[in-house]
Amino acid sequence: YVDLTMCLFKFECNFYDQKNMQSFFLGHPFSQLRPKNNDEVIKKHNLDASRDFISILPGSRASEISQLMPVYLDAAKKLLNINANTFFLIPAANQKLAEMIESTKGINEIPYKLSIDSAQDFLSLSLISIVTSGTASLESAVLGSVPIICYKTNKLNYAILSRLVSTPFVGLPNLLLQDHIFPELIQRDLTPDAIVNSFSKISSEPEKYQSYLSQINDSMLGEGFEVAAGAIDNLL
């Protein structure tokens with residue numbers, strides 16, 4: 001019996017190395033993602049190319065949407081006051097969640113496009129995104145959209161989760177870089193003003209954040225499945 005752990009991320013391999021355990025850096029499927037063609041996305045979704053796009057990814061669970069969409073909408077209204085040309089792109093995971101998002105009080109006070117299964121299209125158009133923590137934050141970074149990583153849950157869930165997590169980072173992009181590069185607005189820190197302040201900070205240093213996005217892509221390029229199969233065969 002041979003124990004060989006396949007890792008999606010390099011930092012996982014580093015952890016196993018420290019424990020003197022065998023691991024293999026397979027790499028993450030998101031390393032193959034590429035931004036969509038902007039002109040094609042704009043035509044596909046009938047968008048106005050002159051607008052300044054911001055993506056809002058409210059999550060793939062009903063509980064996340066109910067907790068987070070009201071905060072995101074308040075932030076969106078404040079961002080509109082700063083830049084009236086802003087247009088918000090909101091992908092939904094399925095029809096049920098799309099209906100839930102559209103029923104959020106105040107959503108008709110902002111200009112937006114909501115579409116099912118359109119996250120990669122919308123992120124490709126957005127230089128900055130407001131993203132509920134999870135794989136979506138990594139997807140955002142890979143597609144060139146700097147994520148403002150957000151999360152909020154009820155007090156009991158947070159009390160349990162905060163005791164289980166030992167890392168100082170919540171967002172996958174920060175975990176990959178092992179540094180607090182992208183804003184993480186968690187629980188009490190998640191307010192509309194905090195989102196706006198994070199947006200302003202990123203907007204003031206776009207080149208800096210874009211350089212970090214390219215580092216994330218590099219950190220996910222593993223050896224791949226073919227080399228992994230050879231490594232396993234050599235151990236048998």
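This section reports on the structure supplied with the text.

The rules we used
- Residues numbered from 1 in each chain as written.
- Predicted model: local features only at pLDDT ≥ 70, side-chain atom pairs only at ≥ 80, totals over all residues.
- Heavy atoms only, no water.
- Helix = DSSP H or I, 4+ residues; strand = E, 2+ residues; numbered from the N terminus.
- Buried < 20%, exposed > 50% of the residue type's maximum accessible area, 1.4 Å probe, protein only.
- Contact = heavy atoms within 4.5 Å.
- Areas by Shrake-Rupley, 256 points an atom, 1.4 Å probe, with all protein chains shown as cover.
- Salt bridge = Lys/Arg side-chain N within 4 Å of Asp/Glu carboxyl O.
- Pairing = 2+ DSSP bridges.
- Axes fitted to C-alpha atoms, helices over the stretch in contact; angles between N-to-C directions.
- Core = buried A, V, L, I, M, F, W, Y, C linked by side-chain atoms within 4.5 Å.

### Considering the overall build of the protein chain
The number of helices and strands found in the protein chain is 11 helices and 8 strands. Every one of the 236 residues in the protein chain was classed for burial, and the buried ones make up 45%. In the protein chain, the proportion of contacts linking residues at least 24 apart, taken out of those at least 6 apart, comes to 66%. When the accessible surface of the protein chain is summed, it comes to about 12,700 Å², and 50% of that surface belongs to carbon and sulfur atoms.

### Overview of the pattern of salt bridges
Applying the stated criterion across every chain, the model contains 6 salt bridges. Notably, a salt bridge pairs Asp-121 with Lys-44, separated by 2.9 Å at the nearest N-O pair. Remark: Lys-44 occurs in helix α2 (residues 38-44) and Asp-121 occurs in helix α5 (residues 119-125); sequence separation between them is 77 residues. Since its relative accessible area comes to 6%, Asp-121 is described here as buried. Residue Lys-44 is classed as exposed on the basis of its relative accessible area of 59%. Between Lys-208 and Glu-205 there is a salt bridge, with its nearest N and O atoms 3.8 Å apart. On the basis of relative accessibility, which here comes to 31%, the residue Glu-205 falls in the partly exposed class. Taken together, the shared-partner salt bridges connect Lys-36, Lys-44 and Asp-121 into one network.

### Regarding the sheet that holds strand β4 (residues 86-92)
Judged by pairing direction, the sheet is parallel, and its 6 strands sit side by side in the order β5-β4-β3-β6-β7-β8 without closing on themselves. The outermost strands of the open sheet, each flanked by one partner alone, are β5 (112-116) and β8 (184-186). Ignoring which end each strand starts from, the neighbouring axes of this sheet average 20° apart. Pairing of β4 with β5 involves 5 bridges; the strand directions are parallel. Bridging across to β5, Ala-92 finds its partner in Ile-116. Contacts from helix α3 (residues 62-82) reach β3 (52-57), β4, β6 (128-132) and β7 (146-151) within the one sheet, and its direction differs from that of β6 by about 160°.

### Remarks on the nonpolar core
Counting residues in each nonpolar core, the largest one holds 57 residues, and the members touching the most others are Ile-130, Leu-138, Ile-148, Phe-182, Ile-195 and Ile-216. Tallying contributions element by element places α3 first for this core, with 10 residues. In contact with Ile-130, not counting residues within four places along its chain, are Ile-54, Ser-55, Ile-56, Leu-57, Tyr-72, Leu-79, Ile-148, Cys-150 and Ile-195. Counting residues in hydrophobic clusters, the runner-up holds 8 residues, among them Ile-42, Leu-47, Phe-122 and Leu-125.

### Quick notes on the environment of Ala-93
If you trace the backbone, Ala-93 turns up in the loop between β4 and α4 (95-102). Judged by its relative accessible area of 48%, Ala-93 falls in the partly exposed class. The sequence separation of Ala-93 and Ile-116 amounts to 23 residues, and the corresponding C-alpha distance is 5.8 Å. Among residues more than four places away in sequence, those in contact with Ala-93 are Ser-60 and Ile-116.

### As for unusual backbone geometry
At Gln-178, a position not held by glycine, the phi torsion is positive, near 55°. Along the polypeptide, Gln-178 turns up in the loop between α8 (172-177) and β8. Within the chain, Gln-187 stands out as a residue other than glycine whose phi angle is a positive 55°. Inspection of the secondary structure puts Gln-187 in the loop between β8 and α9 (192-204). Judged by its relative accessible area of 10%, Gln-187 is buried.

### Quick look at helix α6 (residues 135-142)
Within α6, 7 of the 8 residues are buried, which leaves it mostly tucked inside the rest of the structure. Along α6, the residues classified as buried are Ala-136, Ser-137, Leu-138, Glu-139, Ser-140, Ala-141 and Val-142. Looking at the packing, one finds that the buried side of α6 touches β3, α5, β6, β7, α8 and α10 (206-219).

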